[in-house]
Amino acid sequence: MLVHGYHPAAEDAEIYLPGIKKALNPSLYPVGSEFFLSHAKMTLFPDLIAWSVRLSHVPLDYALLLWHLLSILLLMLACWRLSRQCFSCPQAHWGGVLMVAALLTIPVAGTSLYIMDQYLDNRSLSTPAIMFAIGYTLERKFVRATLWILFGIMVHPLMAAFGVFYLVCLLGAGRYWQPVIPALVAPFLGILPPVSDAYRDALSTHSYFFILDWTWYEWVGVFCPLVLLWCFVLIGRNHALLVLALACRALAIFVVFFLSAALVVTVPAPFVGLAELQPMRGLHLLYLLLFLFAGGIAGQFVLRKILWRWLLLFVPLCIGMCYVQYRLFPASFHVEWPDVPPENPWLQAFNWIRLNTPQDSLFALDPNHMDIPGEDEQGFRALAERSMLADNVKDSGAVSMFPALAQEWRKEVRALDGWQNFQLQDFRRLKKTFGVSWVVLRRPGAAGLICPYQNNLLVVCRVD
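It should be emphasised that the depicted structure is a prediction, and the values quoted were computed from it without experimental measurement.

A. Seen up close, the overall build of the chain. The helix and strand inventory of the chain stands at 19 helices and seven strands. Taking all 464 residues of the chain together, the buried fraction comes to 57%. At a minimum sequence separation of 6, the contacts of the chain that also span at least 24 residues come to 71%. Just so you have it, the chain exposes about 19,900 Å², and 65% of that area is on carbon and sulfur atoms.

Now the structure itself:
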């Protein structure tokens, strides 16, 4: 965590953290909660965290930190167990674990994912669950593997589905997987969501859903791992690491299948509604296993018991990853400890809102505020605990997964067009149309508004 940072309300936490807070206090978010509850209702994740808070009486901010640390520990333990199945010496076991630990926040090509986020979300728990399931499957302990997969499904059905498919490839070893694929795909063909114009607008904000829109280096991030997997299979065969060869061969089948599925979603227009399944997010499991295997091979054949080699590899790697995280969140503390006042003016404003405005307030902000330099992709709902009109960053992601939200999302986002030039009459229009009672503006704000809070960057104003 000290290498990769901790930002409990950043990025996708804007989707998951409000669900936990809503479970703890149902009176929060009376307007617009469907943009995060659509995710929350599909999993037990928010209820699990809320239950732990009620049971332990630990404040939520501290509970999130403890759960985050626990999720990292579980992932490291799962990696260590799996590495023991694939390699024969302790140096390989720890090499794989350290490689994953050093690269936890490396981006996964074209998916808008990290191996593990800098905050707690349901992927934080589903990822170690999948890894435990793979390890127990290799040990032929299928009951334990099934229990871990069921837990993964309960906290993140989509990511767990990738894990299930990899287990199918692993057990089939390339011989029995072909007839299974149509059985897995067929159920989705009859439930294609209607593709409305509003839904297409939401999809257009997430180009990584469509593989033909990827940049060249994202394509490199797909095909280079396939070459490495082929090399790992050869290493496994030549050094009697048969489990490693099996796991890599199954992983290659897994990747080729989802690459084909991504092309199907991108090319034929009738299948665009399946974009919500995000087939290329299967690369998340590929990268995790690839780094685990690469670290194990390095530990067994290169690093061995020579300390300076370990330091030469992992110290620069950790320093580089830490530097990238500092650059990614330049206006926020690298580790946002609970109860430490923030320096980021956006977080300062959000904290003031949480403490000084009514819970039933409805806010309007720049629909692209999470992309503004210095905002650091910090979530308004997650921090301010207030309702807001839909934004163009995270709420569009919710729409891409739940097309029924598309019309309301487009209506609210379009009502904020030209936000930088809004004047008093525009804010009164938002109040009349949606019931907006407060706005967050860049200084100096707008004439005619009463603004009880301001800092060096922002003002928080009432719309009377």
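B. Seen up close, the sheet that holds strand β4 (residues 387–388). Read from one edge to the other, the open sheet built from five strands follows the order β4-β3-β5-β7-β6, with strand pairing classed as mixed. Every other strand in the sheet has two partners, leaving β4 and β6 (450–454) as the edge strands with one partner each. The pairing of strand β3 (residues 362–364) with strand β5 (residues 438–442) spans two bridges and is parallel. Residue pairing across strands places A364 opposite V439, the latter belonging to β5. Its contacts with the sheet place helix α15 (residues 345–356) against β3, β5, β6 and β7 (458–462), and it is angled at close to 25° to β7.

C. A look at the packing of helix α7 (residues 142–155) against helix α8 (residues 157–172). The N-to-C vectors of α7 and α8 enclose an angle of 150°; their axes lie 6 Å apart at closest approach. It follows that α7 is roughly antiparallel to α8 by the angle criterion. Only P157, A160, G163, V164, L167 and L171 of α8 make contact with α7, whose side of the interface consists of F142, I149, G152, I153 and V155. Looking at the contact of α7 with α8 residue by residue, the classes come out as nine nonpolar, two polar and no charged.

D. Just the pattern of salt bridges, in detail. With the rule as written, the count across this model stands at eleven salt bridges. For R429, the salt bridge identified is with D426, shortest N-O distance 3.9 Å. Of this pair, R429 and D426 both sit in helix α19 (residues 424–434), three residues apart, which is roughly one turn of that helix. Judged by relative accessible area, D426 falls into the buried class, the value being 19%. Linking D464 and R462 is a salt bridge whose minimum nitrogen-to-oxygen distance equals 3.5 Å. On the basis of relative accessibility, which here comes to 54%, the residue D464 falls in the exposed class. Take R462: its relative accessible area is 30%, and that puts it in the partly exposed class. Each of the salt bridges in this network shares a partner with another, and the network as a whole consists of D12, D117, D121, R123 and K394.

E. The arrangement of the environment of W148 in detail. One can find W148 in helix α7. It is 5.2 Å that separates the C-alpha atoms of W148 and A129, two residues lying 19 residues apart in sequence. Non-local contacts of W148, meaning those with residues more than four positions away in its chain, are made with A129, F132, A133 and Y136.

F. Representation of the pairing of β6 within the structure. Sheet analysis places β6 next to β7, joined by three bridges and oriented antiparallel. Looking at β7, one finds that Q454 is bridged to V459. Count of turn residues in the β6/β7 antiparallel hairpin: three residues.

G. Molecular detail of the layout of surface pockets. Taken as a whole, the second largest pocket holds about 470 Å³ of empty space. Lining of the second largest pocket is provided by 27 residues; of these, D61, W337, D339, N351 and L383 occupy positions nearest its centre. For the lining of the second largest pocket, the elements supplying multiple residues, two or more each, are α1 (13–24), α4 (60–86), α15 and α16 (380–384). When residues of the lining of the second largest pocket are assigned to their parent elements, the largest contribution, three residues, is made by α15. Here the lining of the second largest pocket is composed, by residue class, of 16 nonpolar, four polar and seven charged.

H. Representation of the packing of helix α6 (residues 122–138) against helix α13 (residues 283–303) within the structure. Close contact between α6 and α13 brings their axes to 12 Å; oriented N to C, the two are set at 60°. Considering the angle they form, α6 stands oblique to α13. Crossing angle aside, the handedness with which α6 passes α13 is right-handed. Contact residues: T127, I130, M131 and I134 in α6; H284, L285, L288, L289 and L292 in α13. A class-by-class count of the residues in the contact of α6 with α13 yields seven nonpolar, two polar and no charged.

I. Representation of the pairing of β7 within the structure. The buried fraction of β7 is high, at four of five residues. For β5 and β7, the ladder comprises five bridges, and the chain directions are antiparallel. In the strand pairing of β7, W438 is matched with R462.

J. Inspection of the packing of aromatic side chains at higher detail. Going through the model one piece at a time under the given rule, you end up with 19 aromatic pairs. Ring geometry for F165 versus F257: centroids 4.5 Å apart, planes at 25°, classification stacked. In this pair, F165 sits in helix α8 while F257 sits in helix α12 (residues 242–266), placing the two residues 92 residues apart along the sequence. Given the relative accessible area of 3%, F165 is considered buried. Measuring from centroid to centroid gives 5.3 Å for W352 and Y453, while their planes differ by 25°, and the two rings are stacked. Here the residue W352 occupies a position in helix α15, and Y453 occupies one in strand β6, the gap between them amounting to 101 residues. Judged on exposure class, the residue W352 and its partner Y453 are both buried.

Reading the values: rules and limits
- Residues numbered from 1 in each chain as written.
- Predicted model: local features only at pLDDT ≥ 70, side-chain atom pairs only at ≥ 80, totals over all residues.
- Heavy atoms only, no water.
- Helix = DSSP H or I, 4+ residues; strand = E, 2+ residues; numbered from the N terminus.
- Buried < 20%, exposed > 50% of the residue type's maximum accessible area, 1.4 Å probe, protein only.
- Contact = heavy atoms within 4.5 Å.
- Areas by Shrake-Rupley, 256 points an atom, 1.4 Å probe, with all protein chains shown as cover.
- Pairing = 2+ DSSP bridges.
- Axes fitted to C-alpha atoms, helices over the stretch in contact; angles between N-to-C directions.
- Parallel < 35°, antiparallel > 145°, perpendicular 65-115°, else oblique.
- Nonpolar A, V, L, I, M, F, W, Y, C, P; charged D, E, K, R; others polar.
- Salt bridge = Lys/Arg side-chain N within 4 Å of Asp/Glu carboxyl O.
- 1 Å grid on protein atoms, 1.4 Å probe; cavity = no way out; pocket = protein on both sides within 12 Å on 5 of 7 lines; lining within 4 Å.
- Points joined across faces, edges and corners; volume = space filled by probe spheres on them.
- Left-handed = near helix turned anticlockwise from the far one by under 90°.
- Phe/Tyr/Trp six-rings, centres within 6.5 Å; stacked < 30°, edge-to-face > 60°.

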